[in-house]
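If you want the building blocks of each chain, they are given just below.
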Amino acid sequence: MNSQWQPGRLNSDLDGAGFDTLAVRAGQTRGPEGEHGEALFLTSSYVFRSAAEAAACFAGEQPGNVYSRYMNPTVRTFEERIAAMEGAEQAVATASGMAAILATVMSLCSAGDHILVSRSVFGATVSLFDKYFKRFGVEVDYVGLSDIDRWRAACKPNTRLFFVESPSNPLAELVDIRALARVAQEQGALLAVDNCFCTPALQKPLALGADIVIHSATKYIDGQGRCLGGVVAGRHEHMQEVVGFLRTAGPSLSPFNAWVFLKGLETLRLRMAAHCASALELARWLAQQPEVEKVYYAGLPSHPQHALACSQQSAFGAVVSFEVRGGREAAWRFIDATRVVSITANLGDAKTTITHPASTTHGRLPAETREAAGIRDGLIRLAVGLEDVEDLRADLQRGLEAVRG
């Protein structure tokens, strides 16, 4: 290694770079070895040249790594790449998608604040708000996702945060992010959008007026079901609060997982295009089957928010949910008859997954809460992967035959 090494041209000039270039190169600063791939820093702590330097770094008086609970070069590369792709000033990585939601609320809300949450959110998200945030004095109310007037009417003087998934899990319901952002701004509240189903390859909530964007990086950002992780992105003033929570509470992303996510980001747009193409084809086919009562996919013109999806997304995502006739018994028969797809509640994988939301992802919710969210017993969620679409169709045909009996 040359001790006089200078970076020079080893780092890429990304001024004005496009999305795919950012997905491959943003955030990387090469070290003295001149490595082409991103370095993996498996270290818990860092050394200093002197006691004075250590004190200055700990006090924030000079830049430098302090401790990997909240400072790690590999994790920082991932954060900077996500920020570039989402158009955010800063991103903060966390140990999971749920940790990203936890860090956002704990950083930006206090006891006595009021949060409005869409009824159409992941089951564990409901549990987090109801079972834990309420316990610490945060008020929580739920609003139908798409009804902007109801969001406005549900606001209180102490409303601090709006939280939505768009598209929602598992019914692909949308909200007009631009319109909801205006309502939040009128109320002096922040709008946080869970962008997990679309990723920045398909939708940019911050460009539509949202204040914060949240991801479970476990899903499409990884893309192969290997690692857990999450990320929050937004303005510097808000993200610094999240960093403070991470520094103290410690729901940190491991450097190895960050490195895996960096590899996933390099192929994100290509993967999402393939996911979406197969999902649309299967959604159209399922909508024609007599055993299927309803298909929930915004790419279908029959979806009530198809036009909205066209206006704020570049494609429609890879999650296709549908209801089969015959309730839970029929849904379970359908799922059990498949031979190719994986029966698992995860999504965003190269491998197609299938699950029964009412008894898995939303199974811990009271029946009336599930019903209010539209999670009925005949509902099946299909997260379309990267297999040959004809093989997937043939596998789903086995499920339909099982429903027929």
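Just so it is clear, the structure is predicted and the values come from calculations on it, not from any experiment.

When you look at the overall build of the protein in this model, what are you seeing that I'm missing?
Helix and strand counts for the protein come out as 15 helices and 12 strands. Expressed along its principal axes, the backbone C-alpha trace of the protein runs to roughly 75 × 50 × 35 Å. For the protein, buried positions account for 54% of its 405 residues. With the model as given, the accessible surface of the protein reaches about 17,400 Å², and the carbon-plus-sulfur share is 51%. Averaging the positions of the 39 positive and the 44 negative side-chain charges in the protein gives two centres separated by 2 Å.

What's the story with the domain arrangement of the protein in this structure? I'm lost.
The parts lose accessible area when they come together, and the size of an interface is often stated as this lost area. Taken domain by domain, the protein comprises domain 1 (19-264) and domain 2 (269-404). Taken together, the contact between domain 1 and domain 2 spans 38 residues of the former and 36 residues of the latter. Together, the buried faces of domain 1 and domain 2 total about 3,000 Å²; carbon and sulfur atoms form 57% of this surface. The largest contributions to the domain 1 side of the interface with domain 2 come from Leu171, Leu202 and Tyr220, which together make up 26% of the buried area.

Can you walk me through the sheet that holds strand β8 (residues 292-296) in this structure?
Strands in a sheet are paired, the pairing made by backbone hydrogen bonds, and the direction either parallel or antiparallel. Spatial ordering of the open sheet is given by β8-β9-β12-β11-β10, a layout of five strands whose pairing is mixed. Taken across any chain shown, the strands that pair with only one partner, and hence form the sheet edges, are β8 and β10 (342-343). Sheet topology note: the strand β11 (residues 353-355)/strand β12 (residues 379-383) ladder contains three bridges and is antiparallel. When the sheet's bridge partners are listed, Thr355 is paired in β12 with Arg381. Contacting β8, β9 (319-324) and β12, helix α11 (residues 268-286) runs over the sheet at an angle of about 15° to β9. Together, β9, β10, β11 and β12 form the strand contacts of helix α13 (residues 327-337), whose direction differs from that of β9 by roughly 130°.

Explain the UniProt feature "modified residue: N6-(pyridoxal phosphate)lysine" (unreviewed entry) in the protein here, please?
Within this structure's numbering, the places UniProt gives as "modified residue: N6-(pyridoxal phosphate)lysine" (unreviewed entry) are Lys219. Here Lys219 lies in the loop between β6 (212-216) and β7 (230-234). Here Lys219 falls in the buried class, since its relative accessible area comes to 17%. Excluding residues within four positions of it along the chain, Lys219 makes contact with Cys196, Asn346, Leu347 and Gly348. Of note is the side chain of Lys219, whose polar atom sits 3.0 Å from the side chain of Ser216.

Before we go on, may I ask you to explain the packing of α11 against helix α15 (residues 389-404) in this structure?
The description of two helices packed together rests on the angle between their axes and the distance between the axes. Running from N to C, α11 and α15 cross one another at 30°; their axes reach a closest spacing of 11 Å. Taken together, the axes of α11 and α15 are roughly parallel relative to one another. Note on packing geometry: the crossing formed by α11 with α15 is right-handed. Where α11 abuts α15, its residues Ser278, Glu281, Leu282, Trp285 and Leu286 lie against Val389, Glu390, Leu392, Arg393, Leu396, Gln397 and Leu400. Split into classes, the residues belonging to the contact of α11 with α15 amount to seven nonpolar, two polar and three charged.

Teacher, can you tell me more about α11 here?
Counting along an α-helix, one turn takes 3.6 residues, and residues three or four places apart therefore face a common direction. Compared with the 27 Å implied by 1.5 Å per residue over 19 residues, the 26 Å span of α11 between its first and last C-alpha is a close match. Among the residues making up α11, those that are buried are Leu268, Arg271, Met272, His275, Cys276, Ser278, Ala279, Leu280, Leu282, Ala283, Trp285 and Leu286.

Looking at this model, I keep getting lost on the pattern of salt bridges. Mind explaining?
Any two side chains of opposite charge can pair if their charged atoms end up close together. One pass over the structure, following the stated rule, counts 22 salt bridges. Of the charged contacts, one joins Asp149 and Arg152 as a salt bridge, the two residues approaching to 3.5 Å between their closest N and O atoms. Taken as a pair, Asp149 and Arg152 lie in helix α6 (residues 148-154) at a separation of three residues, close to a single helical turn. We classify Asp149 as exposed; its relative accessible area is 57%. In this structure, Glu329 engages Arg333 in a salt bridge whose closest nitrogen and oxygen atoms are separated by 3.2 Å.

Can you walk me through the packing of aromatic side chains in this structure?
Both the distance between ring centres and the angle between the ring planes are used here to describe each pair of aromatic rings. All chains considered together, the criterion is met by eight aromatic pairs. Measuring from ring centre to ring centre gives 5.1 Å for Phe129 and Phe133, while their planes differ by 75°; the resulting arrangement is edge-to-face. With a gap of four residues between them, Phe129 and Phe133 both fall in helix α5 (residues 123-133), about one helical turn apart. Using a relative accessible area of 0% as the deciding quantity, one classes Phe129 as buried.

The rules behind each value
- Residues numbered from 1 in each chain as written.
- Predicted model: local features only at pLDDT ≥ 70, side-chain atom pairs only at ≥ 80, totals over all residues.
- Heavy atoms only, no water.
- Helix = DSSP H or I, 4+ residues; strand = E, 2+ residues; numbered from the N terminus.
- Buried < 20%, exposed > 50% of the residue type's maximum accessible area, 1.4 Å probe, protein only.
- Areas by Shrake-Rupley, 256 points an atom, 1.4 Å probe, with all protein chains shown as cover.
- Lys, Arg positive; Asp, Glu negative; His and termini not counted.
- Charge placed at Lys NZ, Arg CZ, Asp CG, Glu CD.
- Domains from an automatic or database assignment.
- Contact = heavy atoms within 4.5 Å.
- Buried area = accessible area lost by both parts, 1.4 Å probe.
- Pairing = 2+ DSSP bridges.
- Axes fitted to C-alpha atoms, helices over the stretch in contact; angles between N-to-C directions.
- UniProt positions renumbered as here; feature names shortened; annotations may be inferred.
- Polar contact = N/O pair within 3.5 Å; in protein donor to acceptor, adjacent residues only side chain to side chain.
- Parallel < 35°, antiparallel > 145°, perpendicular 65-115°, else oblique.
- Left-handed = near helix turned anticlockwise from the far one by under 90°.
- Nonpolar A, V, L, I, M, F, W, Y, C, P; charged D, E, K, R; others polar.
- Expected span 1.5 Å × (residues − 1).
- Salt bridge = Lys/Arg side-chain N within 4 Å of Asp/Glu carboxyl O.
- Phe/Tyr/Trp six-rings, centres within 6.5 Å; stacked < 30°, edge-to-face > 60°.

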